[in-house]
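Now for the letters of each chain:
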Amino acid sequence: MILLLAFLLPLLSIPLVYLVGRESKRKPAGIIAIFSIIDLILLLCTVPEVLSRGRYVESYYWMPMLGAPLTLFADGISLSLAAITLLLIFSSMIFASDYMEDSGSLWQFYLLMALLTVGLVGVFITANLMVFYFCWEFMLVPTYFIIGGWGYRESYRAAFKFFIFTHAGAVAVLLGIGAIYMLTGTLDMFQAKELLAAAPQEFLKWIFIALTLGFAVKMAIVPLHMWLPDAHSEAPAPMSALLSGVIIEAGAYAILRVSLGTVFPSISDVSVNVQMLHALSILGVISAFYGAMTALAEDDIKRIVAYSSISHMGYVLFGLSLYPCVEGTIGAVLHLVNHAASKGLLFLNAGAIMKQTGVRDINRMGGLASKMPLTAFSTAVSSFSIAGIPSLACFISEFFMFMGGFQVGGNNSLYYATTTFMIIATVFSLAYVLRFFWKIFLESSKIQEARDPSILMSTPMILLSIVVILLGVWSGPIIHLMSSAEIS
Amino acid sequence: MMGILDALMPSAILFIFAIFTVPVLRFIHQYKRMHYRSLCILWILTIFVIVTVATVRVLTKYYISMEEDPFKQIFLVSESKPILSTSFFIDSVSAYMVVVYLTTGLISMIYSVLFVGEKNHLSERYFALMLMVLGSVIAATFSGDLLTLFIFWEASAAGSCLLIIYRKTPESIDACLKYLVMIIMASGFIVYGLSIIYGLTGSLNFWAVREALISLPDKSLLIIAFVFVACGYAIETAIVPFHMWLPDAYTAATPSTSAFLSAIVDQASYYVLMRVLIYILTPPIILNWPLALAIFSALTMTVGNLFALAQTNVKRMISYVCVADIGYNLVAITSVKPLGVMGNLFFFFVGGMTTALAFMAVGILNNLGIKHLDDLSGTGRRLPITSLSLVIAVCSFSGIPPLAGFMSKYMVFTAAIEGGMVWLAVIGVLNSLLQTGYLLRLVHYMYAKPLKRRFCGIREEPKVLLIPVYMLVALIILLGIYPSIILLMIHPAAQQLNLLLP
């Protein structure tokens, strides 16, 4: 009952948002924020069960004729990702209540946000591929309208690109899911995993490729990344935070859960196995370098952050390619959580800076540290976390992944090379982060008037900064929660 | 025990009431002009309630004895030689189809009443014709031999002609002529094919033909007959090389006609094709047609979508989407698997509803003078409710959950994979992507571009006209979120296929 409630709770907020939103400009944001906190508490209620049994499952009648009951489940991984999602929704909604105040038809904006929440949470807590696909595609339409309707320059173009790219990916996923149903007669991830072992091998390989390809589009792995910089930089800041913090993470989660977790173990041919993982690993390295280097060359404040997302999805893909090594996979999932918090915060900061100064080009900023100390602090926390400075969130997870890389490298020497390259990539990360921070906050001042944002905008920034620091210095509990999940 | 009257009752009621519709509506028009629309809807609702009662009677009788007798045959003359007599045939597929026709028929007739209204004095004939077409489609669905099927099917085609020509604009006369020529050619083909089949088997009864064909020693004549019959029904279904009449007819017709035809006559033609191909005439055990049909299906999808991509007239674009939909339906037919039949039956309902929804929304826009893609610019803000319904139609066409279009596409493509035609599934999926691309262009125009100065005068949305539109929207969302409502009916129908295929 808990998970069903958690799944449907965002839907309940929709009529409220509609009723309140026509009169008030700020209240609907508050409603979504409150609902997401209640949702978070509901999800956390399952933690004891998850820790003791490894998995918490609920199943309801939905479409038994197509092998699709409404199965919801929570384990360490999905729970921590759903939790950070809800936290991010909470923060960005509080942020949006002030940030979005000048735009028109806000009730529609919040209505779409409430719709989006359903998909964002649902994608992490379902064990049925059909429900999963529903939630996966459910994110698409609200996101399209949010980016298009409330974005910046040529926003509908960016939204169009986003829609077509991710829908194309989803279509490949659909073929994969259809093939899994055809081979096993079930759409339950865990049942399918067992039944697939008896399926013909040549099919499995293609299912794996189709699924991974589809998920990689949403994750924006390099040859498929073209939609991301536009969509992320043209979306309004709260939406960018969710795009970079949750939506692309969902792609990585899906690769871990569906491609690697369900289909991959059944591929018995070892050489095919190794080839696939090598491909993932190399794609990860390419993404990490490409994102970091492009971020180094960009001048637009939001595009830098967007390209940094591509780079970090490269890290995660590298971590996933270490499957079934525990350090690597846990590191990748932990990196998802850490990156979600850090990058969400960084996008909120970028939005705050843009709103307070009205400038997007980082060359025309400078010296903001003394004028906006609070923003400077939270930007420092988030961007240095992105760069992988110890004691901040992303360091721990990167460290885990590199450790896993060297461990796997013992049997498979390619991983020595890719891990070394990943470590070199962190230097580039540091470079673009330092340039970003230097140009905006430290260089000689080019902007006369700027103040710290209002309390409504700065509260979520402070909150997320605390989360990022906490995740960096005290990550024991969340690692404990994640490692209770059954990975391979 | 079911008699011939039971099976004929729904259509007979529709025919009789269709005849009464003209004087009744004329009377209302003369004396109660103020309340013409509401009284008209009341009259149609009454007819539908009576038909629904009759249908429910047939269906309960059928479902009670479904277990022991899943394929129920009713003969007009059952004494001496039943296989030569006119007969009716009820199984769970035809039972389901009647439910589909009645649901979508009611909604599209309400729309027609509101759309055509009292302005045109011929409107009562129009509604009577719609009832006639609905009646003959239901009779064709229940028919038990190829001749009865042919007769009722041609009756509905003739009615459709008059529906298309209703406004008597030059384009509609032109389109109607094209349709007529094609239909007459098609019926010639079918009759020729049927005569060969009669010669081969000595009967036109579904079961007798089936039994005789399975044990047929020499198949060379059968191939000729098959080609003629399949071509004939392919023309009426508008499979690609024979599709030219459809876009013209649907573009030139009144939007309410297009909605009605696409929701009912189109779906009925797919049903007839499926019935003839899978169930009766030539299951793959007799003649191996799936591969040929798969090629036509790929062609139909691709051509439909490519032509739709090139259209600037919105209504014509939707008409080409109809052509593409035929391709998706064929994908499921080629699989000859229970899942494919499920997908087909679901698609008949949902595809019909979605095209009807699109035509209805476009009809409302047409009334305001918005015809081309350019004119759509900025209407999303000025006409939010109408545009939202078009957006929902677009999303359902593109197969985005939780709308019903997704479930139908999922089943269809999975069936293709199950039938061993992965290439067809891949082509279908790529087509679906292409479709998303050009349909999203509609949304892009509606929301991303500024309003044209010509349309700045538009203030009010026609609220009443939107009621049937939103009935369809509600059904599409409901069936998308919780398809089990319909799947409960479709599932046994699909399982019956296993009884037929050894």
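Check the entry above for the structure.
Since the model is a prediction, treat every value here as computed from it, not as a measurement.

Novice: Requested: an account of the overall build of chain A, with residues and values cited.
Specialist: Looking only at helices and strands, chain A features 21 helices and two strands. Dimensions of chain A, computed from the C-alpha atoms along their principal axes, are close to 70 × 55 × 40 Å. Within chain A, the proportion of its 488 residues that are buried is 63%. Across chain A, contacts joining residues at least 24 apart in sequence account for 81% of those joining residues at least 6 apart.

Novice: If you had to explain the overall build of chain B to someone new, which residues and values would you point to?
Specialist: Check the secondary structure of chain B and you find 20 helices and two strands. The C-alpha radius of gyration of chain B comes to 22 Å, within 12% of the 23 Å expected for a compact globule of 502 residues. Projected onto the principal axes, the alpha-carbon positions of chain B cover approximately 70 × 55 × 40 Å. Burial analysis of chain B (502 residues in total) assigns 59% to the buried set.

Novice: Outline the packing of helix H9 (residues 245–252) of chain B against helix H12 (residues 314–335) of chain B, listing residues and values.
Specialist: Residue and element names in this part refer to chain B. Taken N-terminus to C-terminus, the directions of H9 and H12 make an angle of 140°; their axes are 9 Å apart at the nearest point. With respect to H12, the axis of H9 lies oblique. Between H9 and H12 the crossing geometry is right-handed. Contact residues: H9 offers Leu246, Pro247, Tyr250 and Thr251, while H12 offers Lys315, Arg316, Ser319, Tyr320, Cys322 and Val323. Looking at the contact of H9 with H12 residue by residue, the classes come out as six nonpolar, two polar and two charged.

Novice: So what's going on with the packing of helix H8 (residues 155–184) of chain A against helix H10 (residues 201–219) of chain A? Residues and values would help.
Specialist: All names here are of chain A. As a packed pair, H8 and H10 sit with axes 7 Å apart at the nearest point and diverge in direction by 150°. When the axis of H8 is compared with that of H10, the two are roughly antiparallel. The way H8 lies across H10 gives a crossing that is left-handed. Mapping the contact onto sequence places Phe165, Thr166, Ala168, Gly169, Ala170, Ala172, Val173, Leu175, Gly176, Ala179, Ile180 and Leu183 in H8 and Phe203, Ile207, Ala210, Leu211, Leu213, Gly214, Phe215, Val217 and Lys218 in H10. Classifying every residue of the contact of H8 with H10 gives 16 nonpolar, four polar and one charged.

Novice: Residues and numbers for the pairing of strand S1 (residues 56–63) of chain A, please.
Specialist: In summary, the side chains of a regular strand alternate between the two faces of the sheet. Residues and elements named next belong to chain A. Sheet topology places S1 next to strand S2 (residues 68–74); six bridges connect them, and they run antiparallel. Bridge pairing in S2 places Val57 opposite Phe73. The turn linking S1 back onto S2 is made up of four residues, and Gly67 within it adopts a positive phi angle of 65°.

Novice: Mind laying out the interface of chain A and chain B, listing which residues take part and the relevant values?
Specialist: In this assembly, 24 residues from chain A lie in contact with 24 residues from chain B. Of all the secondary structure elements, the ones that give two or more residues to the side of chain A that touches chain B are S1, helix H6 (129–138), helix H7 (140–150) and H8 of chain A. Ranked by residues supplied to the side of chain A that touches chain B, first place goes to H8 of chain A with 13 residues. A class-by-class count of the residues in the side of chain A that touches chain B yields 19 nonpolar, four polar and one charged.

Novice: So what about the nonpolar core? Which residues, and what values?
Specialist: In this structure, Ile32 of chain A together with Leu357 and Ile476 of chain B are the most contacted members of the largest nonpolar core, which totals 397 residues. Other than its neighbours up to four places away in sequence, Ile476 of chain B contacts Val350, Met353, Thr354, Leu357, Ile392, Ser396, Leu403 and Ala404 of chain B.

Novice: Describe in detail H12 of chain B, supporting the description with residues and values.
Specialist: With 22 residues, H12 of chain B should reach 32 Å at 1.5 Å per residue; the first-to-last C-alpha distance of 33 Å fits that figure. With 22 of 22 residues buried, H12 of chain B is to be regarded as a mostly interior element.

Novice: Describe unusual backbone geometry, and please don't skip the residues or the numbers.
Specialist: The residue after Tyr323 of chain A, namely Pro324 of chain A, is reached through a cis peptide bond having omega 0°. You can see Pro324 of chain A is positioned in the loop between helix H14 (301–320) and helix H15 (326–357). At the junction of Pro401 of chain B and Pro402 of chain B, the peptide bond is cis and its omega measures out at 5° in the coordinates. One can find Pro402 of chain B in the loop between helix H15 (384–398) and helix H16 (404–418). Positive phi is not limited to glycine here, since Lys168 of chain B has a value of about 60°.

Novice: I'd like to hear about the pairing of strand S2 (residues 87–90) of chain B, residue by residue, with values.
Specialist: All names here are of chain B. Residues Ser87 and Phe89 line one face of S2 and the alternating positions Phe88 and Ile90 line the opposite face, and both faces are buried. Where strand S1 (residues 72–75) lies against S2, four bridges are found, and the strand directions are antiparallel. Directly across from Gln73, in S2, lies its bridge partner Phe89.

Novice: Describe helix H19 (residues 414–442) of chain A, with residues and values.
Specialist: Residue and element names in this part refer to chain A. The end-to-end C-alpha distance of H19 is 41 Å, a good match for the 42 Å that 29 residues give at a rise of 1.5 Å each. Of all the residues in H19, the buried ones are Tyr415, Thr418, Thr419, Met422, Ala425, Thr426, Ser429, Tyr432, Val433, Phe436, Ile440 and Phe441. Contact partners of the buried residues in H19: helix H13 (270–297), H14, H15, helix H16 (368–371), helix H17 (373–387) and helix H18 (393–409).

Novice: Residue-level account of the environment of Arg441 of chain B, with values.
Specialist: All names here are of chain B. Summarising the element assignment, Arg441 is placed in helix H17 (residues 422–448). C-beta crowding within 10 Å serves as the criterion here: with 17 such atoms nearby, Arg441 is assigned to the partly exposed category. Considered as a pair, Arg441 and Asn366 are 75 residues apart in the sequence and their alpha carbons are 18 Å apart.

The rules behind these values
Residues numbered from 1 in each chain as written. Chains lettered and ligands numbered in written order. Predicted model: local features only at pLDDT ≥ 70, side-chain atom pairs only at ≥ 80, totals over all residues. Helix = DSSP H or I, 4+ residues; strand = E, 2+ residues; numbered from the N terminus. Buried ≥ 20, exposed ≤ 12 C-beta atoms within 10 Å, placed from the backbone. Contact = placed C-beta atoms within 7 Å. Rg over C-alpha atoms; globule rule 2.2 N^0.38 Å. Axes fitted to C-alpha atoms, helices over the stretch in contact; angles between N-to-C directions. Parallel < 35°, antiparallel > 145°, perpendicular 65-115°, else oblique. Left-handed = near helix turned anticlockwise from the far one by under 90°. Nonpolar A, V, L, I, M, F, W, Y, C, P; charged D, E, K, R; others polar. Pairing = 2+ DSSP bridges. Core = buried A, V, L, I, M, F, W, Y, C linked by C-beta atoms within 7 Å. Expected span 1.5 Å × (residues − 1).

Everything listed here is a matter of coordinates, which is why it stays silent on function.
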